[in-house]
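What follows is the residue order along each chain.
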Amino acid sequence: QVHVEESGGGLVQAGGSLRLSCAASGIAFSNAAILWHRQAPGKERELVGDISRLGTPNYVASVKGRFTISRDNAKNTVYLQMNSLKSEDTAIYYCRIHTYYGLDYWGKGILVTVSS
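Cut-offs and rules
- Residues numbered from 1 in each chain as written.
- Predicted model: local features only at pLDDT ≥ 70, side-chain atom pairs only at ≥ 80, totals over all residues.
- Heavy atoms only, no water.
- Helix = DSSP H or I, 4+ residues; strand = E, 2+ residues; numbered from the N terminus.
- Buried < 20%, exposed > 50% of the residue type's maximum accessible area, 1.4 Å probe, protein only.
- Contact = heavy atoms within 4.5 Å.
- Areas by Shrake-Rupley, 256 points an atom, 1.4 Å probe, with all protein chains shown as cover.
- Lys, Arg positive; Asp, Glu negative; His and termini not counted.
- Charge placed at Lys NZ, Arg CZ, Asp CG, Glu CD.
- Core = buried A, V, L, I, M, F, W, Y, C linked by side-chain atoms within 4.5 Å.
- Disulfide = S-S within 2.5 Å.
- Phe/Tyr/Trp six-rings, centres within 6.5 Å; stacked < 30°, edge-to-face > 60°.
- Pairing = 2+ DSSP bridges.
- Salt bridge = Lys/Arg side-chain N within 4 Å of Asp/Glu carboxyl O.

J.: Please explain the overall build of the protein as it appears in this structure.
T.: Counting secondary structure elements, the protein contains zero helices and eleven strands. Listing the helices and strands of the protein from first to last along the sequence gives β-β-β-β-β-β-β-β-β-β-β. The buried share of the protein, reckoned over its 116 residues, is 40%. Summarising the internal contacts of the protein: among those between residues at least 6 apart in sequence, 53% fall at separations of at least 24. For the protein, the accessible surface area stands at approximately 6,300 Å², while carbon and sulfur atoms represent 49% of it. The distance from the centre of the 12 positive side-chain charges to the centre of the 9 negative ones in the protein is 4 Å.

Next up, the structure:
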């Protein structure tokens, strides 16, 4: 059974930092690409960035230079380091595991609130 869980969210002031974690079990983690999405209040879910199974990260323009995605395959965990946070980064953040065989598994999401 596959289990995906985000952690590390919370309330932070604008300009501050948070690190989210996404831990997975029951899956061939090292062969999977991992994606981070977010959904702000009243908006559609959007992609934040991803990291390939080889460890290459990609980011959308709005977070590039502020967010960093990394992975630790030994711990079956991916991290989203968020720096210089802005109020517009307030959202529920979701982790998506995209397996080598094209299956997707989502976490339940975790709330990040940035106060201005």
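J.: Where do I start with the nonpolar core in this structure?
T.: One recurring pattern in soluble globular proteins: nonpolar side chains tend to sit buried together. Counting residues in each nonpolar core, the largest one holds 28 residues, and the members touching the most others are Trp36, Met82, Tyr93 and Ile97. Every element with two or more residues in this core is listed here: strand S3 (18-25), strand S4 (33-39), strand S5 (46-51), strand S7 (67-72), strand S8 (77-82), strand S9 (91-98) and strand S11 (110-115). Residue contacts for Tyr93: discarding those within four places in its chain leaves Glu6, Leu20, His37, Arg38, Val48, Phe67, Leu80, Met82, Gly109, Ile110 and Val112.

J.: When you look at the state of the cysteines in this model, what are you seeing that I'm missing?
T.: Structurally, a disulfide amounts to a covalent bond that connects the sulfur atoms of two cysteines. Tallied over the entire structure, the rule returns one disulfide. Here Cys22 connects covalently by a disulfide to Cys95, the sulfurs 2.0 Å from one another. Measuring handedness by torsion sign, the sulfur bridge of Cys22 and Cys95 sits at about -70° and is left-handed. One end of the pair, Cys22, is in strand S3; the other, Cys95, is in strand S9, and 73 residues separate them in sequence. Residue classification places Cys95 among the buried residues on the basis of a relative accessible area of 0%.

J.: So what exactly am I meant to see when it comes to the packing of aromatic side chains here?
T.: For any pair of aromatic rings, the description consists of the separation of the ring centres together with the inter-plane angle of the planes. The tally for this structure, following the rule as stated, stands at two aromatic pairs. Ring geometry for Tyr94 and Trp106: centres 6.3 Å apart, planes at 80°, overall edge-to-face. In this pair, Tyr94 sits in strand S9 while Trp106 sits in strand S10 (residues 104-106), placing the two residues twelve residues apart along the sequence. Where Tyr100 meets Tyr101, the ring centres are 5.3 Å apart and the plane angle is 85°; that geometry is what we call edge-to-face.

J.: Quick question: what am I supposed to make of the pairing of strand S1 (residues 3-7) here?
T.: It is a general feature of regular strands that their side chains alternate between the two faces of the sheet. Every second residue of S1 is oriented toward a common face, the buried set being Val4 and Glu6 and the non-buried set His3, Glu5 and Ser7. Strand direction decides the pairing type here: S1 and S3, joined by five bridges, are antiparallel. Of the residues in S3, the one forming a bridge with Glu6 is Cys22.

J.: Help me understand the environment of Lys43 in this model?
T.: Inspection of the secondary structure puts Lys43 in the loop between S4 and S5. The exposed category is assigned to Lys43, whose relative accessible area is 60%. Separated by ten residues in the primary sequence, Lys43 and Ala33 have C-alpha atoms spaced 25 Å apart.

J.: What should I look at first to understand the pattern of salt bridges in this one?
T.: When the charged atoms of two side chains lie near each other, side chains of opposite charge can form a pair. A full pass over the atoms with the stated rule returns four salt bridges. Note that Arg38 and Glu46 form a salt bridge whose closest N and O atoms lie 2.7 Å from each other. By relative accessible area, which is 36% here, Glu46 ends up partly exposed. In this structure, Asp104 engages Arg96 in a salt bridge whose closest nitrogen and oxygen atoms are separated by 2.9 Å.

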